[in-house]
Each structure stands twice: as C-alpha cells, then as structure tokens.
Number of protein chains: 2
Amino acid sequence: MGRTLTYPKRSSNTVNRYKHRATYDLKAIHTIVNSSQVLHVSFSPGPSDPFPAILPMIGQMGSFDYPSAGIDEPLDCYLHGYVSSRIMNLARDSEGDGLPICVAASRVDGLILSLTPNSHSYNYRSAVLHGYAKLVTGEAEKLYAMELITNSVLSDRWEHSRVPPDSAEMSSTVILKVKVVDGSGKIRDGGVSDEKKDTTNDEVTSRVWTGVVPVWETFGEPVPSPENKVTEVPDYITRFVADKNNQNRRYAQEAVHMTLPLEEQH
Amino acid sequence: MGRTLTYPKRSSNTVNRYKHRATYDLKAIHTIVNSSQVLHVSFSPGPSDPFPAILPMIGQMGSFDYPSAGIDEPLDCYLHGYVSSRIMNLARDSEGDGLPICVAASRVDGLILSLTPNSHSYNYRSAVLHGYAKLVTGEAEKLYAMELITNSVLSDRWEHSRVPPDSAEMSSTVILKVKVVDGSGKIRDGGVSDEKKDTTNDEVTSRVWTGVVPVWETFGEPVPSPENKVTEVPDYITRFVADKNNQNRRYAQEAVHMTLPLEEQH
C-alpha cells in the first residue's frame, strides 16, 4: 500500500467541475498518458499569433535519470511526433526552464444514455499535464526515449526491429522532454444517473431506453506488407493484439457496473 | 463535381511536415471533427499563467443561420463539455471577436510496423481549427446546438429522449460557438515505407516482421440500466452500433491498402 504521490493543486490544474471524479494521483495520471496512442500538445506560438496551437504527438512518461522509477513516481514526459518546425524552434530557443506546454490524453469508455439530453455523458478517462519542454540533446537519453516511445506503440517492438538507429537517424530524430509542473486526471465510470422528476415520470420511463453502450479500441488482425519476408506473425505481436483487445473490452464493460476507488482502477 | 471550399493558408495552420498528407478542404476537416467523440480545446488562461490549457469537450460543426448547409460548406463549431468555469468566464468576458481557441480532433487507424523504429508510424486522421469562441445566448440557437451535439453522441438520440429541456436545464447548459478562422487536416493511410538500405539487407528483412495492425473504435452490446423499463433495445441504437462498427472496421482495414485522393475518403 505505502505512500501515494500526488501532484500539487495549483490554479492551472485544479478541477472545479465534478470534483469527485478528479484525481491528482501520479499513478492514475501517468497510466492514462502511457496507455494513450495519441497525446494532444498545446503551446503558444508567440505574440504575433492570438491562437494557441495543438499538435497530436506520440509520448510516454519515463525517467532517464532513474530508469527503474515506477509509474507512481515522479517522471518526465518524452514526446515524439509530427513535430512542426514551430514547436521545435520554440523549444530550442526557449530560455530558462523551457517552453511552457500542456499535454492532454483522453479516451472514451462508454456512452451514457439517460432519460434527458442534459444527463447524457461518457464513461471516460482523461489526464492533463503542464510543464516545460526542452529538446533532448544527449545521445544516450535520446536513445532511451526512442526505445520507450517505440515500445509504447507496440510492446517489445524496439528489440524486434533494426536497431540501433544509425547516425543519420539519430540526428533526424527530435525528442522533447517535458519537466512536469502539475497534473490532474478525471475518471467517470458507472451507469446512468437521472433526476427524480424524470425517473418518477411513467410516460418518460416507458418510452426512453436507458443504459450504457461500452466503447473500446480494437486492434485487428495484423496485415503483412507485400515486402514482408517473415512467414508467421511473431508471438509478441499476436500477444499484444490479444492482450490489448481483452484489456480494452474488459475495462469498458466493467466500467458500466463499477465505481471503484480511483487507485484501484489501474 | 462542382466547387471545393478550402480554408485559407495562414502561418498558424499551414502544415510544414509531410505536406502531401495535408488538406485544407472543408469537407475533409469537418468530417474528422464531426466523427470524433472527443475534441481537445486549447486556450490561454491569461497573463498570470504561463501554460496553455486543454479541455476535452464534445462538439460538432453546424450552422444555425443556414441549418441546411452541407459538411463541405462554412460551418461554426459548437462545443459542450466538461467546461471549467475558467473557459466560460474567459469567453463571457472576452471582448471583440471572442476568446481565441484551438480545437483538435485525432484518431488512429493503424500501427505501421516497418523495419526501423524511425519509419514506424500510424495511419491516422487529424484536424485542427482556430477560431474565436463566444457563449451562445439565444434560446433557439442553444436548443439547435444541444440537439446537434446530443445526436453526435448517438444518431437520433435527441428525439428519443425526454425533450425539450425545461428552463432549469436550458439555463444550466452552456454552449460555446466558435467562429472558425482557419483549419487544416492531415490524413495518413497506406502501408509500410522503408529505406533501401534496409529493404535490401537480407539479415534485417529475414528477421523483422513488417505490416500494419488496423485499429478502430468498437461499440459493444448496449447494457440496459437497472431502472430501464423499455424491454427491447430500440432499433435506432442497435443500428447505430452495427453501422459504426462496420464503418470503423472497414475504414481501418481499407486504409492499409489504399491511398485515395482525400476527397474520396469520406
């Protein structure tokens, strides 16, 4: 059981709506980030542009300094993705702590179909981190992050691909490291929740179907490329596909019936 | 085929990386936004906070002034979601055009497993909009947006639930309307792409499996709530579940083999 580390509550990350669904627990937040295939990263492009920018990126929580750190311990967020030159230049040119950014991860686990539109909702998990981004310059740390991020796409893929990257690949790869300042998460599970004015109205309840449609991400049968020369789909890939499908489906289906303490959901 | 409307290219929305995957086509961008269950909305909280904020929200493109406007025509983005008081207050207090925000939608359609980590990728669809957000104050427009957004969660749900909302529900509902200034989209489909230095290396190609794992969102069997009194799951729900599952699976599987002109993908 032991200690539970939480992010500090600051004005920028304190959840004001549906507080009972909020978590500041490192483990819950890091787990949502690490199980998301896409992260949305926001930054301000500068004084000449009024609009914040959002990029979809791939990323993972990890610690180069303490590689054995657990998911419930302080970690950095490493990002790699369709990095426009803008965010890279801004991070490269940023002074002091780095470029202030926001990282968000969200997934939908179910559609909550209640009696009235206003009480419709999703079962979902979402996490937000704020922090300062800098380019990773050290070769060893870049390699650490590349392996971490490749294996987040598909477990154990790094060691089963052509590694290490050569020097051209190393220099063309750009990794952002985010020193996290605060974070928060929100988790909604359970079923339908309606108001008494509707649940006691026979005309309404006899007419409106209520319940939950579970939603999850499915991984399909792997499709070999025309150039592929390995006859069988390797075990680590078929196992990944089967495990993910089981986990994802089970989470969405169990979320309908349960409201567990946040710590036990991961 | 007629005209194709596109968003203007400004510095804030011009795609600089993988330009051949970019689209400025209204139809492609609006379709990605409207088929996304969650939108990520970014705004700047103000001078005292260095970090941009991101909220997961539910939203849809639509036009109250021209309700019959097609998906390929100029539309506004209506947002409803877990709206912190911060974004609502900022939008309410914003002067002139409204609060500058960024709206992003992304989905993953497949894992591209190539010979080297550097050539790994996703099949994906993503869209970004920039615009000015204001609160919807007119009752009729609010009702229009509530119906639009409810039906985006599940087709035809609005008319099958207890409507219209009563006055307490109307006043507790807050809708943001975003006047879109620019937008862009990116679509990646197809298979593995590797460099000659690896595809001609027998040691590598005999050892590394390459191909695509399709990924799509699955909707499960609807689970009635304990309070539900409608014995059969209604047709419009079972049809929605079946249609979505077919569409999503087919898109992910077909994306592996095809690189269609962007206009034909939707």
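Here the residue index of a chain counts from 1 through its sequence in written order. Think of it this way: whatever chain is written first is A, whatever ligand is written first is 1, and the rest follow in order. Totals for whole chains, interfaces and linings use all residues, but because this is a predicted model, local features are given only for residues with pLDDT of at least 70 and pairs of side-chain atoms are given and counted only at 80 or more. Calculation of side-chain values draws on the structure's entire complement of heavy atoms; hydrogens and water are dropped beforehand.

An unreviewed UniProt entry annotates chain A as Flavin-nucleotide-binding protein originating from Aspergillus caelatus.

## Considerations on the relation of the copies chain A and chain B
In this structure, two copies of a chain are linked by a rotation about an axis accompanied by a shift along it. Test applied: The atoms used to superpose the copies are C-alpha atoms, taken from residues with pLDDT of at least 70 in both, and the fit is least squares. Contacts are residue-level and defined by heavy atoms, with any inter-residue pair within 4.5 Å sufficient.
For the pair chain A and chain B, the relating rotation is 180°, the translation along its axis is 0.0 Å, and the fit reaches an RMSD of 0.0 Å. Such values leave the two copies arranged in the relation of a two-fold axis. In terms of proximity to the rotation axis, the leading residue of chain A is E217(A), whose C-alpha is 2.2 Å off the axis. Counting the interface residues of chain A, we find that 100% of their copies in chain B are interface residues as well, pointing to one common contact surface.

## Overview of the environment of N245(B)
Residue and element names in this part refer to chain B. The following threshold applies: By definition, any uninterrupted DSSP run of H or I lasting at least four residues is a helix, any uninterrupted run of E lasting at least two residues is a strand, and each is numbered from the N terminus. Using a 1.4 Å probe on the protein chains alone, a residue whose accessible area is under 20% of its type maximum counts as buried, one over 50% counts as exposed, and one in between counts as partly exposed.
Considering the arrangement of structural elements, one finds N245 in helix α7 (residues 235-257). Relative accessible area serves as the criterion here: at 15%, N245 is assigned to the buried category. Taking the C-alpha atoms as reference points, N245 and H130, 115 residues apart in sequence, are found 31 Å from one another. Setting aside residues up to four positions removed in sequence, N245 forms contacts with E217, T218 and F219.

## Looking at the interface of chain A and chain B
What counts here: By definition, the buried area sums, over both parts, the 1.4 Å-probe accessible area that each loses when the two are put together. Any pair of N or O atoms that falls within 3.5 Å is considered a polar contact. Within protein, one atom must be able to donate a hydrogen and the other to accept it, and sequence-neighbouring residues count only if both atoms are side-chain atoms. Each residue gets one of three labels, nonpolar for Ala, Val, Leu, Ile, Met, Phe, Trp, Tyr, Cys and Pro, charged for Asp, Glu, Lys and Arg, and polar for the others, Gly among them. Strands are treated as partners if at least two bridges between them are detected by DSSP.
With 103 residues of chain A in contact, the opposing surface of chain B contributes 103 residues. Interface of chain A and chain B: buried area, both sides summed, is about 8,100 Å²; carbon and sulfur atoms make up 61% of it. The interface formed by chain A and chain B includes 36 residue pairs in polar contact (both at pLDDT 80 or more). Along the lines of polarity and charge, the residues of the side of chain A that touches chain B split into 54 nonpolar, 31 polar and 18 charged. In this sheet, strand β8 (residues 211-219) of chain B lies alongside strand β8 (residues 211-219) of chain A in antiparallel orientation, the contact comprising five bridges. Of the residues in β8(B), the one forming a bridge with F219(A) is V215(B).

## Describing the pattern of salt bridges
Using the following cut-off: Should a side-chain nitrogen of Lys or Arg be within 4 Å of a carboxyl oxygen of Asp or Glu, the pair is scored as a salt bridge.
For the structure shown, the criterion picks out 23 salt bridges over all chains. Residue K179(A) pairs with D76(A) through a salt bridge whose shortest N-O separation is 3.3 Å. Linking K179(A) in strand β7 (residues 176-188) with D76(A) in strand β4 (residues 76-81), this pair joins segments that are 103 residues apart in sequence. Judged by its relative accessible area of 8%, D76(A) is buried. For D49(B), the salt bridge goes to R86(B), with nearest N and O atoms at 3.9 Å.

## A word on the side chain of S94(B)
Residue and element names in this part refer to chain B. Assignment of secondary structure puts S94 in the loop between α2 (85-93) and β5 (99-113). Of note is the side chain of S94, whose polar atom sits 3.5 Å from the backbone nitrogen of L99. Beyond its immediate sequence surroundings of up to four residues, S94 is in contact with L99 and A133.

## Some details on the state of the cysteines
Covalent bonding between the sulfur atoms of two cysteines defines a disulfide. What counts is decided by this rule: When two cysteine sulfur atoms lie within 2.5 Å, the pair is treated as a disulfide.
Under the counting rule described, the total for this entry stands at zero disulfides over all chains. This cysteine, C77(A), is not joined by any disulfide, and C102(A) carries the nearest cysteine sulfur, 11 Å off.

## Things to note about helix α7 (residues 235-257) of chain A
Rules: Expected helix span is computed as 1.5 Å times (number of residues minus one).
Look at α7(A): 33 Å from first C-alpha to last across 23 residues, which is about the 33 Å you get at 1.5 Å a residue. Within the sequence span of α7(A), burial applies to Y236(A), I237(A), F240(A), V241(A), N245(A), N248(A), Y251(A), A252(A), A255(A) and V256(A).

## Let's talk about the nonpolar core
What counts is decided by this rule: Residue types Ala, Val, Leu, Ile, Met, Phe, Trp, Tyr and Cys, when buried and joined through side-chain atoms within 4.5 Å, form a set referred to as a nonpolar core.
Within the largest apolar cluster, 31 residues are counted, with the highest numbers of intra-cluster contacts made by C77(A), L79(A), I87(A), I101(A), V103(A), L129(A) and L176(A). Ignoring anything within four residues of it in the chain, the contact list for L79(A) reads L39(A), V41(A), M57(A), I58(A), G59(A), I101(A), V103(A), I149(A), V174(A), I175(A), L176(A) and V178(A).

## What about the environment of A255(B)?
All names here are of chain B. Among the secondary structure elements, A255 is positioned in helix α7. Along the backbone, A255 and N228 are 27 residues apart, and their C-alpha atoms lie at a distance of 39 Å. Discounting residues that sit within four places of it in the chain, A255 has contacts with N123, D189 and G190.

## Regarding the pairing of β5(B)
Across a regular strand the side chains alternate sides, sitting on one face of the sheet and then on the other. Residue and element names in this part refer to chain B. Within β5, 13 of the 15 residues are buried, which leaves the element mostly enclosed by the surrounding structure. As defined by bridge partners, strand β2 (residues 39-43) adjoins β5 across three bridges and the pair is classed as antiparallel. Along β5, the bridge assignment pairs S42 with C102. The sheet contact formed by β5 and strand β6 (residues 121-135) spans 13 bridges and is antiparallel. Residue pairing in the sheet places C102 in a bridge with H130 of β6.

## A closer look at the pairing of strand β5 (residues 99-113) of chain A
Both β5(A) and β8(A) contribute to a ladder of four bridges, which runs antiparallel. Looking at the pairing, I112(A) lines up with V212(A) of β8(A).

## Some remarks on the environment of T205(A)
As for its placement among the helices and strands, T205(A) is situated in helix α6 (residues 202-205). Judged by relative accessible area, which is 6%, T205(A) ranks as buried.

## Examining unusual backbone geometry
Residues and elements named next belong to chain A. Residue P164 is reached from V163 by a cis peptide bond, and omega for that bond is -5°. In this structure, P164 sits in the loop between α3 (139-153) and α4 (167-172). For D156, which is not glycine, the phi dihedral falls at a positive 65°. Along the chain, the position of D156 falls in the loop between α3 and α4. Given a relative accessible area of 33%, D156 falls into the partly exposed group.

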